[in-house]
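Residue-level listing of the chains:
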Amino acid sequence: MRLLITAGPTREPLDPVRFLSNRSSGKMGYALAAAAAARGHEVTLVSGPVALPSLEDAASGRISEKRPEVASTKNVQIVRVVTAADMLAAVKQHLATCDALIMAAAVADWRPVRVARRKMKKGEAQTMTLELKRTPDILKTIAPLKGQKLFIGFAAETHNVRAEAKRKLREKNLDLIVANDVTAPGAGFEVETNRVTIFDAHSEEQLPLLSKRDVAERILDRLEAKRKSGR
Ligand code: CTP
């Protein structure tokens, strides 16, 4: 299959030295890309800013200073983006040539209305209010282009995990959603493991605590099965 995978957070700039973002490390999306490439799928990985060694550096065991915007390694092309708007543009650009999309990225939901061109000075102020504006919902924006493609989303929640996952599955027109309670031990941000439940319209499969690589393998098993059965 040709897979389009997004990973990491997005960053929404406030001024030249500050941004709004979230705690996503990119590990889940990168694990999906590595596992899919190892199975022989062709992967385009759209990555927000992450502190992980790039897949090609990880593969060769070297850490490089150089981070080109588009790089490739066996079966993986990496496209680096910063903001939600950039990620939407990259997803739109690569969508037509993919069979399935996995949105593992933690897209920032809000961006500052005004981006200062110069560093914002605090002066004497003791409080400050930021006006924020919604970023585009990538999955909702591209839903009309879905056709026969399989779409997989993620839901990182702190409460009402099941209800929220089912709502997002429906509202974002997804074939599968991978949900996790980010407050559970061993799950969520910056850790090597995850405990997830995979939902489709008819079923839910609760997985045990697994490495992110093993979670990736289980997601790919489900994706491949859906593809084979024509859903
Ligand atoms: N997502 C997206 N575009 C956004 C926000 C999220 O495409 N602007 C995708 C994520 O990549 C994920 C899924 O939608 O696959 C669910 O993301 P999540 O942040 O859990 O949900 P939200 O849509 O932001 O909803 P809420 O704020 O209610 O949690």
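**Quick word on the pattern of salt bridges**
- In the structure shown here, the tally under the stated rule is 20 salt bridges.
- Its salt-bridge partner being Arg39, residue Asp221 comes within 2.8 Å of it at the nearest N-O pair. Here the residue Asp221 occupies a position in helix 6 (residues 212-229), and Arg39 occupies one in the loop between helix 1 (27-38) and strand 4 (42-47), the gap between them amounting to 182 residues.
- Judged by relative accessible area, which is 39%, Asp221 ranks as partly exposed.
- Owing to a relative accessible area of 29%, Arg39 belongs among the partly exposed residues under this scheme.
- Note that Glu131 is salt-bridged to Arg114, the shortest N-O span being 3.5 Å. Of this pair, Glu131 sits in the loop between strand 8 (110-112) and strand 9 (132-134) while Arg114 sits in the loop between strand 8 and strand 9, placing them 17 residues apart in sequence.
- Glu131 gets classed as partly exposed once you look at its relative accessible area, which sits at 48%.
- Residue class for Arg114 comes out exposed when judged on its relative accessible area of 59%.
- Linked by salt bridges that have partners in common, Arg39, Arg213, Glu217, Asp221 and Glu224 make up one network.

**Topic: the site of the ligand**
- Residues in close proximity to the ligand total 16 residues, the closest being Met103, Ala105, Ile138, Lys168 and Lys172.
- In the model, an oxygen atom of the ligand is placed 3.0 Å from a nitrogen or oxygen of the Leu139 main chain.
- For the ligand, an oxygen atom lies 2.8 Å from a polar atom in the side chain of Lys168.
- Comparing atom positions with the cavity grids shows the ligand to sit within the largest pocket.
- Where the shell around the ligand is concerned, the elements lending two or more residues are helix 4 (138-142), strand 10 (150-157) and helix 5 (161-171).
- The dominant element in the shell around the ligand, judged by the number of residues it contributes, is strand 10, at four residues.

**With respect to a nonpolar patch on the surface**
- Together, Trp110, Met128, Leu130 and Leu132 make up an exposed nonpolar region whose accessible area comes to about 370 Å².
- Inspection of the secondary structure puts Trp110 in strand 8.
- Trp110 gets classed as partly exposed once you look at its relative accessible area, which sits at 42%.

**A word on the environment of Pro208**
- Here Pro208 shows up in the loop between strand 14 (204-206) and strand 15 (210-211).
- Using a relative accessible area of 43% as the deciding quantity, one classes Pro208 as partly exposed.
- Taking C-alpha positions, Pro208 is 8.4 Å from Asn194, a pair spaced 14 residues apart along the chain.
- With residues near it in sequence (within four places) discarded, Pro208 still touches Asn194 and Arg195.

**Describing the pairing of strand 4**
- A large share of strand 4 lies buried, amounting to five of its six residues.
- Note: strand 4 against strand 6 (residues 76-80), five bridges, orientation parallel. Its bridge partner being in strand 6, Val46 is matched across the sheet by Val79.

**Some points on the environment of Lys149**
- When you line up the elements, Lys149 lands in the loop between helix 4 and strand 10.
- Exposure remark for Lys149: the relative accessible area of 14% places this residue in the buried category.
- Side-chain polar atoms of Lys149 contact the backbone oxygen of Leu95, separated by 3.3 Å.

**Things to note about helix 5**
- Within helix 5, the full set of buried residues consists of Ala165, Lys168 and Leu169. Buried residues along helix 5 cover an arc of 105 degrees about the axis, so they all sit on one side.
- Structurally, helix 5 contributes buried residues whose contacts are with strand 10, strand 11 (176-181) and strand 13 (197-199).
- Phi turns positive, to about 55 degrees, at Asn173, one or two residues after helix 5.

**Observations regarding the packing of helix 1 against helix 6**
- Look at helix 1 against helix 6: their axes get within 8 Å of each other, and the N-to-C directions meet at 60 degrees. Taken as axis vectors, helix 1 and helix 6 run oblique relative to one another. Between helix 1 and helix 6 the crossing geometry is right-handed. Residues Lys27, Met28, Ala31, Leu32, Ala34, Ala35, Ala36 and Ala38 of helix 1 pack against Lys212, Arg213, Val215, Ala216, Glu217, Ile219 and Leu220 of helix 6.
- Of the residues contributing to the contact of helix 1 with helix 6, the split by class is eleven nonpolar, no polar and four charged.

About the thresholds
Residues numbered from 1 in each chain as written. Predicted model: local features only at pLDDT ≥ 70, side-chain atom pairs only at ≥ 80, totals over all residues. Heavy atoms only, no water. Salt bridge = Lys/Arg side-chain N within 4 Å of Asp/Glu carboxyl O. Helix = DSSP H or I, 4+ residues; strand = E, 2+ residues; numbered from the N terminus. Buried < 20%, exposed > 50% of the residue type's maximum accessible area, 1.4 Å probe, protein only. Near = heavy atom within 4 Å. Polar contact = N/O pair within 3.5 Å; in protein donor to acceptor, adjacent residues only side chain to side chain. 1 Å grid on protein atoms, 1.4 Å probe; cavity = no way out; pocket = protein on both sides within 12 Å on 5 of 7 lines; lining within 4 Å. Sits in = over half its atoms within 2 Å of the grid points. Patch = residues over 30% accessible without salt bridge, like charges linked within 9 Å, V, L, I, M, F, W, Y side chains within 5 Å. Areas by Shrake-Rupley, 256 points an atom, 1.4 Å probe, with all protein chains shown as cover. Contact = heavy atoms within 4.5 Å. Pairing = 2+ DSSP bridges. Arc of directions from axis to C-beta. Axes fitted to C-alpha atoms, helices over the stretch in contact; angles between N-to-C directions. Parallel < 35°, antiparallel > 145°, perpendicular 65-115°, else oblique. Left-handed = near helix turned anticlockwise from the far one by under 90°. Nonpolar A, V, L, I, M, F, W, Y, C, P; charged D, E, K, R; others polar.

Keep in mind these values describe shape, not function.
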